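Understanding the architecture of this molecule
Here's the letter readout for the chains.
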Amino acid sequence: MIGTQTDRPLLTRTWWAVLFQVVAASLPVDFVLNLVHPADQATSIATRVVRFFSYFTTQSNLLVLATNMGEHYISPVLTVLGWLLFGPRPRIRSSCSRSGW
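Scope of this entry: the structure provided in the associated data block.

Definitions and cut-offs
For every chain, the first residue of the written sequence is number 1, and numbering continues from 1 onward in sequence order. Given that the model is predicted, a residue must reach a pLDDT of at least 70 before its local features are reported, and side-chain atom pairs must reach 80 or more before they are shown or counted; all residues, however, enter totals for whole chains, interfaces and linings. Remark: hydrogens and water are excluded; side-chain values derive from all non-hydrogen atoms of the structure. A helix here means a DSSP run of H or I that spans at least four residues, while a strand means a run of E at least two residues long, and both kinds are numbered starting from the N terminus. Buried means the residue's accessible area, taken with a 1.4 Å probe over protein chains only, is under 20% of the maximum for its type, while exposed means over 50%, and partly exposed covers the values in between. Here a residue-residue contact requires only that any non-hydrogen atoms of the pair lie within 4.5 Å. Residue exposure ignores everything except the shown protein chains as possible cover, and the areas themselves are Shrake-Rupley values with a 1.4 Å probe. Here, patches come from residues exposed beyond 30% relative accessible area and free of salt bridges, joined within 9 Å for like charges and within 5 Å for nonpolar side chains (Val, Leu, Ile, Met, Phe, Trp, Tyr). The salt bridge definition used is simple: a Lys or Arg side-chain nitrogen within 4 Å of an Asp or Glu carboxyl oxygen.

**Considerations on the overall build of the protein chain**
Counting its secondary structure elements, the protein chain contains four helices and zero strands. For the protein chain, the sequential pattern of α-helices and β-strands runs α-α-α-α. By the burial criterion, 10% of the 101 residues in the protein chain qualify as buried. Of the contacts formed within the protein chain by residues at least 6 apart in sequence, a portion of 42% connects residues at least 24 apart. Of the roughly 8,500 Å² of accessible surface on the protein chain, 69% is carried by carbon and sulfur atoms.

Next comes the structure, spelled out in structure tokens:
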């Protein structure tokens, strides 16, 4: 049964993954369509770009995309990299490593 305690994390991750994919695919497609087939052919490309990024919907979708990327892809990698580079070494005594503990 969907919605049970054990299915909920998988369902949640699936939901957000699908949302991420929709946003990640739709933004570039919409951007290109606005450049290639604008509503007003007389507007310059610079004006089209400014108008595209001026819409709140576009800004909020970029925020969702950036948050999702930062939270689920960039942050974990940087955390592991930081631990490898800087790690808890000052708190680990060398006598502990020699004794096997």
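**A few points about the side chain of T43**
By secondary structure assignment, the location of T43 is in the loop between helix 1 (8-36) and helix 2 (45-54). Sequence-distant contacts of T43, that is, excluding residues within four places in its chain, are made with P38, R48 and R51.

**Description of a nonpolar patch on the surface**
Residues M69, Y73, I74, L78, L81, L85 and F86 make up a contiguous nonpolar surface patch of about 730 Å² in total accessible area. Summarising the element assignment, I74 is placed in helix 3 (residues 56-85).

Keep in mind these numbers describe shape, not what the thing actually does.
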